[in-house]
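Chain residues, written in single-letter form:
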Amino acid sequence: MKYIVLLFLFVNLLFAGHINEKKELRKVSLQLHWKYQFQFAGFIAAKEKGFYEDAGLDVQLKEYQFGTNIVDEVVSKRATYGVYNSNILVSYLQNKPIELLASYFKRSALVLIVKPEIKSAKELVGKKVMALGEEDFVLNFKSVMDEYKLHLYDMQFVKHSYAIEEFVRGDIDAMTAFISDQPHKLDKLGVQYNIINPSDIGLFNLQLELFTSNEEAQNHTSRTTAFRDASTKGWAYALSHKEEMIDIIYEKYSKNISKEDLKAEAKEIERLILPKTYDIGSIDENFLHRQFETFEANYKITHEKSFDNFIFRSIRDIKPEFSLSELDYIAKHKDISICLQPDIYPLDGYYDAMHSGIMGDVYKEISKQSGLNFVPVVSKKSEELRIKLLEKKCSMVTILMEPSKELNMLHLSEPFFTTHFTILSRLDKSFVDDPHRLEGKKLLVRYASHKEKILKRYPYLDVEVESNVYQLMQKLMRDEVFGVVAINEVADYLVDKYGYGKLKVNGFLLKDGFEYGKVGILSSDPLLASIIQKSLHSISRQKREDIVDSWKITRYHNGTDYSLVARILVGMSILFLIMAYYQRKLYNFKEQLAQEVQAKTQELREVNESLENSVQEKVNEIMKKDVLLTDQSKQAVMGEMISMIAHQWRQPLSAITLQISHIQLEKMMGKEIDEEQKEKVLSDISDKIMYLSETIDDFQTFFRPKKIADLIEVDQLFKKALTLGSAKAAHTNIEITIVSSEGIVIEAYVNELVQVVLNILNNAVDAFEDVKKAEKKIELFAQEHKEIISLFIKDNASGINEENLKKIFEPYFSTKDKNGTGLGLYMSKMIIEKQFGGAIEVESSSAGTTFIIKIPKRLKSSS
């Protein structure tokens, strides 16, 4: 019985231990940056399939809630880990203490969905774009904006609703969207659209970045490593068990998305992760470093930030960890034969019985990491290399310059370094600072893949392939093409070998860089492929850059081309002799020129004296003519005014005569004259006499010279002119109206300005002489614009014909035959321009004529 009790206690202790072990799972949380869907299938798989639990973790997945700041959630410890986009790199540069754990998407998930008539980003100018905000748009699409020279102010931004209805209704022209799900929704509705995808032009930001706080990474390194590895394992499972994961997501996480939509999304997610090309979750440090430098410039980061500190480094990241089978392989295969690429020095080469060049140094590093010894196999031509691979005389190719169906027996590593294209041209070609300057010019490349990459970015270029490097360079030397395009690391050596002193570096293409250089390992040797990949991963970005830099040669050679020096010296000697000859000739010419100048100067003095006298005489003559014209104008106006005054006096004098005669007649008839009636008659006579007196005053004032400027209301000015000129219009049934310009005051020489208005007014009256119209009208009005007053005299007569319109301001030109002097408008123009600093304009048509007098509100001489 005692043994049974002991056995029972032992079993309970085991069970209790198991329970305690379960309870000891370390609780952590992962903040997602959107709602549950297949975009997070890897993390869901790691939780549901027990990968997190196997790593000793109890993980809470936190669905995104609107308004959540992902980075702040992690930094503030409300979440242990987070999933976000390239914004985390910006946050790091802005001193947020975070580290990148893994990068899952290898292409841009965020794209622009645009109306079908929009074919490229440059057509977004003036369009309405729905986006999260301008800052987020710049973060994700600045590379596209720069490529097509777009600015934020070129587009109208609308706050994102996170739905597609606005696009479906046509309320917007474009919207930011995840390529993994929203295009499928539009397809189901039959909505037409185009997609602008940054990845299509080799420009993109990252969208599924796993990160944590600096504190978590440093204080819980093993936990962070375990979480990262379990998440990556979850993604491998999710991509190979899509149907199962779709069921799990739909049944346990969200039914807001149909299984059909989840299935379409899963297909797109796999295209974004590219699991057959990249290791799931791997970080492309070359690309990330370029983003790092770009964001530093774009966001004007002035303080120094270490790129290396942004990437989480666990112990296993420092030295490659080989599996037991891989270690066994290394022990059994110490020597590995590798085929070298021909004619691509210094990228790869064989010199002094040794593997040389950039790849030679790379394989030395791989040897240090793996313990393998690489034996170079040299080929003179690419075809020879291919045959050696087929015959398995080598296990791998040092570096592949371009993909080839004929080399489909190879497994390819990840790209090893970043480069750009360099343009080589003859010395007589201008430097190319803008790829558009290459339009219409023929370029040569050595590889078809280079042509494809160039045309993808610059479709307007003319690029041809010449695989033979000798023929390639000879065509350039013979000026059959504008330039040869090669990767930057090879360009200087091509110049050095084929055209030193005759060729130059003449520009660059894809200067922002692209990934390049994959190692090819026979597919039949997967263990070797794994060893090589792990060894490459262990070589730091800085080490890779140092290797590449060590093989660069200066683009300004230190050697001396003595034949060129001799040619230069001979040329300079000839130039010196020519300059000495012309210097002497120039000295003689200067002596002769000095004598001629002296003689001409004396002549010029004599002519100048004569000219001064002639000019003075002409000036005096013109001044006399101006005085004469002014007097003639005054006399002409005086004659018209005397005629008008006589006309104006006739009616009141007749009325006075009648009133006096009426009183005399009544007195003769013996009638008694009422005192009130007498007072009324006398008052009326007095008013008429005052009117006659005012007429005389106006006449005297008009002809009395007065050069003191007065302030006067424009309406009052018009009334003065109308008083002097209304009699002329009275018998013609012309209605003259002053349109009120109340409040407009002008500083002017009143008499002169009245003379101008009166001249134009009389001309307007005369214009109706042969016009048969029921309504004859003349309007006087004014307009004020800033410091300019415009006076308008407008009639509805028959207008001035085009020929006469050109001459009306010329002296002595008149359309009134013998009744006109032809001086009125000429003098009016002179008065306005010279005394007022203004101008007279005229507009005329068959509907009538308008004269516009434009003068300053204040005279310039006025204080």
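Preceding block: the structure.
What you are looking at is a predicted structure, and each value in this text was computed from that prediction instead of being measured.

## As for helix α10 (residues 221-240)
With 20 residues, α10 extends 29 Å from end C-alpha to end C-alpha; this agrees with the ideal 28 Å at 1.5 Å per step. Most of α10 sits inside the fold, with 14 of its 20 residues counted as buried.

## So, helix α20 (residues 488-498)
Of all 11 residues making up α20, 9 are buried, and the element is well covered by its neighbours. Within the sequence span of α20, burial applies to N488, E489, V490, A491, D492, Y493, L494, V495 and Y498.

## Focus on the nonpolar core
Of all hydrophobic cores here, the largest spans 98 residues; its most connected members are L30, F38, F43, L124, L210, F227 and W235. A per-element tally of this core places α10 first, with 6 residues. Membership of the second largest hydrophobic core comes to 66 residues, among which are Y329, F416, V445 and V495.

## A word on a nonpolar patch on the surface
A grouping of V570, I574, I578, Y581 and Y582 is seen on the molecular surface, where their side chains present a nonpolar patch of about 530 Å² in accessible area. By the secondary structure assignment, I574 is in helix α23 (residues 562-668).

## Some details on the sheet that holds strand β5 (residues 110-114)
Across a sheet, paired strands are connected by hydrogen bonds in the backbone, their directions being either parallel or antiparallel. Strands sit in the order β7-β6-β8-β5-β9 across an open sheet of 5 strands; the sheet is mixed. At either end of the open sheet lies a strand with only one pairing partner, and these are β7 (156-159) and β9 (194-196). Averaged over all pairs of adjacent strands, the angle between strand axes in this sheet comes to 35°, irrespective of strand direction. Bridging between strand β6 (residues 128-131) and strand β8 (residues 174-178) involves 2 bridges; their strand directions are parallel. Across the sheet, V129 pairs through a bridge with A174, a residue of β8. In this fold helix α6 (residues 134-147) packs onto β5, β6, β7, β8 and β9, with an angle of close to 90° to the strand it touches most, β5. This element, helix α8 (residues 182-189), spans β5, β8 and β9 of the sheet and lies at about 115° to β8.

## Some points on the side chain of S29
For S29, the location among the structural elements is in strand β1 (residues 26-31). Excluding residues that lie within four positions of it along the chain, S29 makes contacts with Q60, K62, R78, A79, T80 and Y81.

## Examining the environment of L262
Topologically, L262 is positioned in helix α12 (residues 259-273). The sequence separation of L262 and F38 amounts to 224 residues, and the corresponding C-alpha distance is 6.2 Å. Apart from residues no more than four positions distant in its own chain, L262 is found in contact with Q37, F38, I246, I249, Y250 and I257.

## Side note on unusual backbone geometry
Note that the residue after Y345, namely P346, is joined by a cis bond; omega there is 10°. Within the secondary structure, P346 sits in the loop between β11 (335-339) and β12 (349-351). Its identity is not glycine, yet K77 carries a phi of approximately 70°, on the positive side. With phi around 55°, D352 is a residue other than glycine that occupies positive phi space. Turning to its location among the elements, D352 is positioned in the loop between β12 and β13 (354-356). Residue class for D352 comes out exposed when judged on its relative accessible area of 63%.

## Here we look at the pattern of salt bridges
If you walk through the whole model with that rule in mind, you get 39 salt bridges. The residue E48 makes a salt bridge to K252 at a minimum N-O spacing of 2.6 Å. Here the residue E48 occupies a position in helix α2 (residues 41-48), and K252 occupies one in helix α11 (residues 242-253), the gap between them amounting to 204 residues. Take E48: its relative accessible area is 25%, and that puts it in the partly exposed class. Accessibility expressed as a relative area gives 54% for K252, which makes it exposed. Between R228 and D229 there is a salt bridge, with the nearest N and O atoms lying 3.2 Å from each other. A residue is classified by how much of its surface remains accessible, and R228, at 9% relative accessible area, is buried. What makes D229 partly exposed here is its relative accessible area of 27%. Through salt bridges with shared partners, one network takes in R426, D428, K429 and D479.

## Examining the state of the cysteines
A full pass over the atoms with the stated rule returns 1 disulfide. Here C339 connects covalently by a disulfide to C394, the sulfurs 1.9 Å from one another. As the torsion about the S-S bond is roughly -75°, the C339-C394 disulfide counts as left-handed. Taken together, the residues C339 in strand β11 and C394 in the loop between α17 (382-390) and β15 (396-400) connect sequence positions 55 residues apart. A single burial state applies to C339 and to C394, both of which are buried.

## Observations concerning the sheet that holds strand β3 (residues 81-84)
On the basis of which strands lie adjacent, the open sheet formed by 5 strands has the order β2-β1-β3-β10-β4 and mixed pairing. Each edge of the open sheet carries a strand with a single partner, namely β2 (57-62) and β4 (98-103). Going from strand to strand, the sheet's axes swing by 25° on average, the running direction of each strand aside.

## What to know about the pairing of β4
Burial of β4 is extensive: 6 of the 6 residues sit out of reach of the surface. In the sheet, β4 pairs with strand β10 (residues 209-213) via 5 bridges, with the strands oriented antiparallel. Counted as the bridge partner of S103 is E209 from β10.

## Thoughts on the environment of V90
In this fold, V90 is placed in helix α5 (residues 87-93). Given the relative accessible area of 4%, V90 is considered buried. For V90 and Q291, which are 201 residues apart along the polypeptide, the C-alpha to C-alpha distance reads 9.5 Å.

## A short note on the packing of α2 against α10
Where α2 contacts α10, the axes come no closer than 7 Å and their chain directions differ by 105°. One finds that α2 runs roughly perpendicular with respect to α10. Between α2 and α10, the contacting residues are A41, G42, F43, A45 and A46 on the first element and A230, S231, G234, W235, Y237 and A238 on the second. Class assignment for the residues of the contact of α2 with α10 results in 8 nonpolar, 3 polar and no charged.

## Notes on the packing of α10 against α11
Orientation of α10 relative to α11, taken along the N-to-C sense of each, is 105°, at an axis distance of 5 Å. Judged by the inter-axis angle, α10 sits roughly perpendicular to α11. Judged by residue contacts, Y237, A238, L239 and S240 of α10 engage K242, E244 and M245 from α11.

## Some details on the packing of aromatic side chains
One pass over the full model with this rule turns up 26 aromatic pairs. Both rings, one in Y52 and one in F227, keep their centres 5.1 Å apart while their planes meet at 0°; by these two values the pair is stacked. In this pair, Y52 is assigned in helix α3 (residues 51-54) and F227 in helix α10, connecting sequence segments 175 residues apart. The exposure class of Y52 is buried, given its relative accessible area of 1%. An angle of 35° between the planes, with centres 4.9 Å apart, marks the rings of F421 and F514 as tilted. With F421 in strand β17 (residues 417-426) and F514 in strand β21 (residues 503-516), this residue pair connects regions lying 93 residues apart in the sequence. Through a chain of ring-to-ring contacts, the aromatic side chains of W34, Y64, F66 and Y162 assemble into a single cluster. Seen from the ring of F482, K441 lies directly overhead, with NZ or CZ sitting 5.6 Å from the centre. Directly above the ring of F508 sits K511, whose terminal nitrogen or CZ lies 5.3 Å from the centroid.

Analysis parameters
Residues numbered from 1 in each chain as written. Predicted model: local features only at pLDDT ≥ 70, side-chain atom pairs only at ≥ 80, totals over all residues. Heavy atoms only, no water. Helix = DSSP H or I, 4+ residues; strand = E, 2+ residues; numbered from the N terminus. Expected span 1.5 Å × (residues − 1). Buried < 20%, exposed > 50% of the residue type's maximum accessible area, 1.4 Å probe, protein only. Core = buried A, V, L, I, M, F, W, Y, C linked by side-chain atoms within 4.5 Å. Patch = residues over 30% accessible without salt bridge, like charges linked within 9 Å, V, L, I, M, F, W, Y side chains within 5 Å. Areas by Shrake-Rupley, 256 points an atom, 1.4 Å probe, with all protein chains shown as cover. Salt bridge = Lys/Arg side-chain N within 4 Å of Asp/Glu carboxyl O. Pairing = 2+ DSSP bridges. Axes fitted to C-alpha atoms, helices over the stretch in contact; angles between N-to-C directions. Contact = heavy atoms within 4.5 Å. Disulfide = S-S within 2.5 Å. Parallel < 35°, antiparallel > 145°, perpendicular 65-115°, else oblique. Nonpolar A, V, L, I, M, F, W, Y, C, P; charged D, E, K, R; others polar. Phe/Tyr/Trp six-rings, centres within 6.5 Å; stacked < 30°, edge-to-face > 60°. Lys NZ or Arg CZ within 6 Å of the ring centre and 35° of its normal.

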